[in-house]
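Overview (structure and organization)
Residues per chain are reported as follows:
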Amino acid sequence: MMIYDYSVTKGNGETLNLSDYKAKVILIVNTATGCGFTPQYEPIEKYYKDYHDKGLEILDIPCNQFGGQAPGSDEEIHEFCTMHFNTTFPQMKKSDVNGPNELPLYKFLKSQKGFKGFGDSEMGKKLKEMFDKMNPGWDKGDDIKWNFTKFLIDREGNVVERFEPTTDMEVVEIAIKKLL
């Protein structure tokens with residue numbers, strides 16, 4: 001299977017075939033409107049505006065699996081994002097990224113790029129400490145650990161990078177620019 005073999009459902013119920021994004025650079029993000037990382041919508045929107053004409057596509061996939069931080073309907077989530085962050089990139093239907101109801105796309109993404117930790121940033125250390133207390137062994141396996149985990153796909157459909165939410169957004173932008 002390749003990334004182009006998958007599809008997702010848009011917030012409006014339409015199907016988006018990833019084959020429509022062949023020869024594009026794709027950033028796939030599981031998002032939440034009530035998360036400490038929600039301000040990342042701002043640089044993500046900036047990347048979309050700056051690089052969409054050069055071949056960047058963004059898939060925003062809201063997910064309520066982490067702390068119940070995306071509780072609204074698809075319409076409410078879309079309204080929040082457009083009102084607070086002026087987002088213009090496509091937003092998908094709220095979906096699971098782990099577990100028995102996870103999107104098949106996420107099973108594929110995680111098989112291509114596994115979890116390698118939250119890094120040494122202050123927020124990375126805080127998340128690690130929180131998870132260590134809540135669930136020893138949490139760092140085993142490749143499941144998505146929190147909101148705003150990002151996967152970067154090159155123009156050939158290869159999953160080239162996984163960025164945890166603690167990754168500096170400038171690092172994400174540099175990786176995007178290399179692929180464009």
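Scroll up a little and you will see the structure.
Our subject in this report is the structure included herewith. Please read all numbers here as calculations on a predicted model, not as lab measurements.

Cut-offs used in this document
- Residues numbered from 1 in each chain as written.
- Predicted model: local features only at pLDDT ≥ 70, side-chain atom pairs only at ≥ 80, totals over all residues.
- Heavy atoms only, no water.
- Helix = DSSP H or I, 4+ residues; strand = E, 2+ residues; numbered from the N terminus.
- Rg over C-alpha atoms; globule rule 2.2 N^0.38 Å.
- Buried < 20%, exposed > 50% of the residue type's maximum accessible area, 1.4 Å probe, protein only.
- Areas by Shrake-Rupley, 256 points an atom, 1.4 Å probe, with all protein chains shown as cover.
- Lys, Arg positive; Asp, Glu negative; His and termini not counted.
- Charge placed at Lys NZ, Arg CZ, Asp CG, Glu CD.
- Core = buried A, V, L, I, M, F, W, Y, C linked by side-chain atoms within 4.5 Å.
- Contact = heavy atoms within 4.5 Å.
- Polar contact = N/O pair within 3.5 Å; in protein donor to acceptor, adjacent residues only side chain to side chain.
- Phe/Tyr/Trp six-rings, centres within 6.5 Å; stacked < 30°, edge-to-face > 60°.
- Lys NZ or Arg CZ within 6 Å of the ring centre and 35° of its normal.
- Pairing = 2+ DSSP bridges.

**Section: the overall build of the chain**
- Scanning the chain for helices and strands turns up five helices and six strands.
- The order of α-helices and β-strands along the chain, N terminus first, is β-β-β-α-β-α-α-α-β-β-α.
- A globule of 180 residues ought to have a C-alpha radius of gyration of about 16 Å, and the chain, at 15 Å, matches this closely.
- Over its C-alpha atoms, taken along the principal directions, the chain stretches across nearly 45 × 35 × 30 Å.
- Looking at the chain as a whole, 48% of its 180 residues are labelled buried.
- Of the roughly 9,000 Å² of accessible surface on the chain, 48% is carried by carbon and sulfur atoms.
- Counting 23 positive and 29 negative side-chain charges, the chain places the centres of these two groups 4 Å from one another.

**Quick word on unusual backbone geometry**
- Of note, the phi angle at asparagine 86 is positive, near 50°, even though the residue is not glycine.
- Topologically, asparagine 86 is positioned in the loop between helix H2 (74–85) and helix H3 (104–112).
- Here phenylalanine 148, not a glycine, exhibits a phi torsion of approximately 70°, which is positive.
- A relative accessible area of 0% places phenylalanine 148 in the buried class.

**Description of the nonpolar core**
- Within the largest apolar cluster, 55 residues are counted, with the highest numbers of intra-cluster contacts made by Ile3, Ile28, Leu105, Tyr106 and Leu109.
- Residue contacts for tyrosine 106: discarding those within four places in its chain leaves Ile28, Val29, Asn30, Ile61, Val97, Ile144 and Phe151.

**Considering the environment of lysine 110**
- Checked against the element boundaries, lysine 110 lands in helix H3.
- For the pair lysine 110 and isoleucine 144, spaced 34 residues apart in sequence, the C-alpha to C-alpha distance is 7.7 Å.
- The contacts of lysine 110, once residues within four sequence positions are left out, are Val97, Asn98, Glu102, Asp142, Asp143, Ile144, Phe151 and Arg162.
- Here aspartate 143 takes part through its side chain, which lies 3.1 Å from a polar atom of the side chain of lysine 110.

**So, the packing of aromatic side chains**
- Enumeration according to the criterion identifies 14 aromatic pairs in this entry.
- The interplanar angle of 75° and the centroid separation of 5.9 Å between the aromatic rings of tyrosine 48 and phenylalanine 89 together place this pair among those described as edge-to-face. Pair noted here: tyrosine 48 is in helix H1 (residues 41–51) and phenylalanine 89 is in the loop between H2 and H3, with a separation of 41 residues, a long-range link. Each of the two residues, tyrosine 48 as well as phenylalanine 89, counts as buried.
- One aromatic cluster in this structure is built from Tyr41, Tyr48, Phe80, Phe85, Phe89 and Phe148.
- The aromatic ring of phenylalanine 115 is capped on one face by lysine 145, whose charged end is 5.0 Å from the ring centroid.

**Some thoughts on the pairing of strand S6 (residues 159–163)**
- In this structure, strand S5 (residues 150–153) lies alongside S6, joined through four bridges in antiparallel fashion. Residue pairing across strands places leucine 152 opposite glutamate 161, the latter belonging to S6.
- Counting the residues in the hairpin turn of S5 and S6 gives five residues, including glycine 157, whose phi is positive at 90°.

**Side note on the environment of glycine 117**
- Looking at the secondary structure, you find glycine 117 in the loop between H3 and helix H4 (122–134).
- Each C-alpha atom of the pair glycine 117 and lysine 128 lies 8.3 Å from the other, and the pair is 11 residues apart in sequence.

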